[in-house]
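Examining the three-dimensional arrangement
Residues per chain are reported as follows:
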Amino acid sequence: QVQLVESGGGLVQAGGSLRLSCAASGRSFSTYTMAWFRQAPGKEREFVATIVRNGGNIYYADDVKGRFTISRDNAKKTVYLQMGSLKPEESAVYYCAAGMPVANWGTPLGYPYWGQGTQVTVSS
């Protein structure tokens, strides 16, 4: 089992950048695929990015490609999301998730472990 705590959210102007962190505790962090999702009020939780155990495979949602970068440091048990050129419509609670998805790496169902989320607000 793994516990996840996100940090780094806040208020940023459109076009700005933020770096989110997700610190994990518990065993076997390096065996988990890690992901970031986000959820805006009244909307479903949506996939942002995922990174497999050794960082060899990384996938992004189409609308964040080229602007967001996911990375992980297994020694520090931490996964990061560097976000750039942020847009107001990307205001949401950003969640870190851990799991061992097979085909469902892009859906919340693939991840049994979740953090509490961190709020990102992008002002216009």
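Nothing here was measured: the structure is a model prediction, and the numbers come from that model.

Conventions and cut-offs
- Residues numbered from 1 in each chain as written.
- Predicted model: local features only at pLDDT ≥ 70, side-chain atom pairs only at ≥ 80, totals over all residues.
- Heavy atoms only, no water.
- Pairing = 2+ DSSP bridges.
- Helix = DSSP H or I, 4+ residues; strand = E, 2+ residues; numbered from the N terminus.
- Axes fitted to C-alpha atoms, helices over the stretch in contact; angles between N-to-C directions.
- Buried < 20%, exposed > 50% of the residue type's maximum accessible area, 1.4 Å probe, protein only.
- Contact = heavy atoms within 4.5 Å.

Side note on the sheet that holds strand S1 (residues 2-7)
As a general point, the strands of a sheet are linked pairwise by backbone hydrogen bonds and lie either parallel or antiparallel. Taken in spatial order, the four strands make up an open sheet running S1-S3-S8-S7, and their pairing is antiparallel. Of all strands in the sheet, those with a lone pairing partner are S1 and strand S7 (68-73), marking the two edges. Put simply, the sheet's adjacent strands are angled 15° from each other on average, direction ignored.

Topic: the pairing of strand S11 (residues 118-123)
Here S11 shows a clear split, with Thr-118, Val-120 and Val-122 buried on one side and none of Gln-119, Thr-121 and Ser-123 buried on the other. Alignment of strand S9 (residues 92-99) against S11, held across three bridges, turns out to be antiparallel. Paired with Val-93 across the two strands is Gln-119, which belongs to S11.

Considering the environment of Gln-82
Residue position: Gln-82 is located in strand S8 (residues 78-83). Sequence separation of Gln-82 and Gly-115 is 33 residues, and the distance between their C-alpha atoms is 17 Å. Ignoring any residue separated from it by four or fewer positions in sequence, one finds Gln-82 in contact with Ser-17, Leu-18, Arg-19, Arg-67, Phe-68 and Thr-69.

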